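Residues per chain, in single letters:
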Amino acid sequence: MKIAAIEWGRVSIPLRTPFKTALRTVDSVEDIIVKITADTGEEGFGEAPPTGVITGDTAEAICGALKHHLAPSLLGWDMDDFEGACRRVQTALVHNTSAKAAVDMALWDLYGKRYGMPVFRMLGGGKTHIVSDITVSVNPPEEMARDAKIAVERGFDCIKVKVGVNPALDVERLAAIRAAVPPETVLRIDANQAWTPKEAVRILNGMQEKGLEIELVEQPVKAHDLEGLKYVTERSFVPVLADEAVFGPEDALKILQTRAADLINIKLMKCGGITNALKIVTLAELFGVECMIGCMLEGPVAVNAAAHLACAKSVITKVDLDGPMLCASNPVHGGSRFEGKDIFMTEAPGLGVEKVDGVAYRTL
Ligand code: MG
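All figures in this text were calculated on a predicted structure; none of them were measured in a lab.

A. Layout of the packing of aromatic side chains. A complete count under the given rule lists three aromatic pairs for this structure. Ring centres 4.9 Å apart and planes at 90 degrees place the aromatic pair Phe82 and Trp108 in the edge-to-face group. With Phe82 in helix α2 (residues 82–91) and Trp108 in helix α3 (residues 97–115), the pair connects residues that are 26 residues apart, well separated along the chain. The burial state of Phe82 is the same as that of Trp108; both residues are buried.

Written as structure tokens, this is what we have:
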């Protein structure tokens, strides 16, 4: 089985409501879909969301990486050397982790289809169902409390709350949400780098003293500030999860060795795909540190790939794969079934994606 064609095109999916974090406001998913066709006719699909404020990957950069580096280095490659294909993705150019993730997952999809096995089973997983949290955007406290209540009514029992815009309001935001949801609802928060280390400790311990029961906090301080992250981890009662601070396995190793965080957030778009995510998983297993599987604001092809990984690896204990649940429609045929908080796997080979509607593909 040889790689005969690599094509890509844009997909646009409207969101149910605008998505607001400390870094940005967005009202639709605008992703790049990658399709790799083998000479046997099978197709593998991948997806990359342009998330300039986090990965630095713009839509134009993703297409440029595909056109000038990734596609030329893979065309004609024999898929029987699957490991070599995955390595070529990572070495075709530096950075550009979202474009690499899209191609890497398309290769896994294709490889699974070649041997008739779902990717999560190829990786040894026996789980066929996972439960995701859902994100509540950062807004005035009353509005967030209302959004959290709506999420509970939709069946979610774990809510991820975005904070960090005007940090003076953050304790109030969480107090309003805690009062609006049932006591058993799990609340996790994401500051998206918005706090200083001292501010983070003050806010987190303030939340704890008020009995707000915060499960964990994501990326309280600037991505590059590992000392600040460690400062918060050592002084906060709320467990700290490194997100923007961990892109690839090298970053994960540094954080694990210095104990700068309690948990690690794996996202395919930060690490460059399933192949590199597996390296982070192995490191986390060695250090006995649990992981979250997360996503950008991304569509069902990419989130489906992340779900396969989550079903395969038990060190991934927290699931934040709400991208498809925030979308108002789903143009993808095949793949996992997203039903409210539940994600159900199928036994379809590879990643199970059959086609994506509304994509005008182009190629080299
Ligand atoms: Mg985050």
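So, next bit.
B. Spotlight on the sheet that holds strand β6 (residues 158–162). The sheet built from eight strands is open, its strands ordered β5-β6-β7-β8-β9-β10-β11-β12 with parallel pairing. Strands with a single pairing partner mark the edges of an open sheet, and in this sheet they are β5 (134–136) and β12 (316–320). Here the average twist between neighbouring strands, direction ignored, is 30 degrees. Bridge count for strand β7 (residues 186–190) against strand β8 (residues 214–218) is three bridges, and the pairing is parallel. Each residue of the ladder has a partner; that of Ile189, found in β8, is Val217. Of the strands in this sheet, β5 and β6 are in contact with helix α5 (residues 141–153), which crosses β6 at around 155 degrees. Sitting on the sheet, helix α11 (residues 274–287) touches β10 (263–266), β11 (291–294) and β12, and the angle it makes with β10 is about 165 degrees.

C. Quick look at the nonpolar core. Counting residues in each nonpolar core, the largest one holds 127 residues, and the members touching the most others are Leu107, Ile189, Ile274 and Leu321. Counting residues domain by domain, this core receives three or more from each of domain 1 (3–116) and domain 2 (121–354). Beyond its immediate stretch of four places on either side in the chain, Leu321 contacts Ile130, Ser132, Asp133, Ile293, Gly294, Cys295, Val303, Ala306, Ala307 and Ile343.

D. Up close: the sheet that holds strand β14 (residues 337–339). Pairing is antiparallel in the open sheet, where three strands are placed in the order β4-β15-β14. With one partner strand each, in any of the chains shown, β4 (129–131) and β14 form the two edges of the open sheet. Here the strands of the sheet are splayed against their neighbours by 20 degrees on average, with no regard to which way each runs. Inspection of the sheet shows β4 paired to strand β15 (residues 342–344) by three bridges, in the antiparallel sense. By the bridge assignment for β15, His129 is matched with Phe344. Packing against the sheet, helix α12 (residues 300–312) makes contact with β4, β14 and β15, and its axis sits at approximately 105 degrees to β4.

E. Structural detail: the coordination of the magnesium ion. With distances of 2.0 to 2.3 Å, the protein atoms coordinating the magnesium ion are Asp190 (OD), Glu218 (OE) and Asp243 (OD). Taken in sequence order, the residues that donate to the magnesium ion follow the motif D-x27-E-x24-D. Here the residue Glu218 occupies a position in strand β8, and Asp243 occupies one in the loop between β9 (240–242) and α9 (249–258), the gap between them amounting to 25 residues. Here the two residues Glu218 and Asp243 agree in accessibility, since each one is buried.

F. Inspection of the domain arrangement of the chain at higher detail. When the domains of the chain are assigned, the result is domain 1 (3–116) and domain 2 (121–354). Here the C-alpha centroids of domain 1 and domain 2 sit 22 Å apart. Contacts between domain 1 and domain 2 engage 39 residues on the former and 47 residues on the latter. Both faces combined, the contact of domain 1 with domain 2 buries some 3500 Å², and carbon together with sulfur accounts for 69% of it. On the domain 1 side of the interface with domain 2, the three residues burying the most area are Arg16, Lys20 and Trp108, jointly 18% of the side's total.

Rules behind the numbers
- Residues numbered from 1 in each chain as written.
- Predicted model: local features only at pLDDT ≥ 70, side-chain atom pairs only at ≥ 80, totals over all residues.
- Heavy atoms only, no water.
- Phe/Tyr/Trp six-rings, centres within 6.5 Å; stacked < 30°, edge-to-face > 60°.
- Helix = DSSP H or I, 4+ residues; strand = E, 2+ residues; numbered from the N terminus.
- Buried < 20%, exposed > 50% of the residue type's maximum accessible area, 1.4 Å probe, protein only.
- Pairing = 2+ DSSP bridges.
- Axes fitted to C-alpha atoms, helices over the stretch in contact; angles between N-to-C directions.
- Contact = heavy atoms within 4.5 Å.
- Core = buried A, V, L, I, M, F, W, Y, C linked by side-chain atoms within 4.5 Å.
- Domains from an automatic or database assignment.
- Donors = N, O, S within 2.8 Å, 3.2 Å for Na, K, Ca; no water.
- Buried area = accessible area lost by both parts, 1.4 Å probe.

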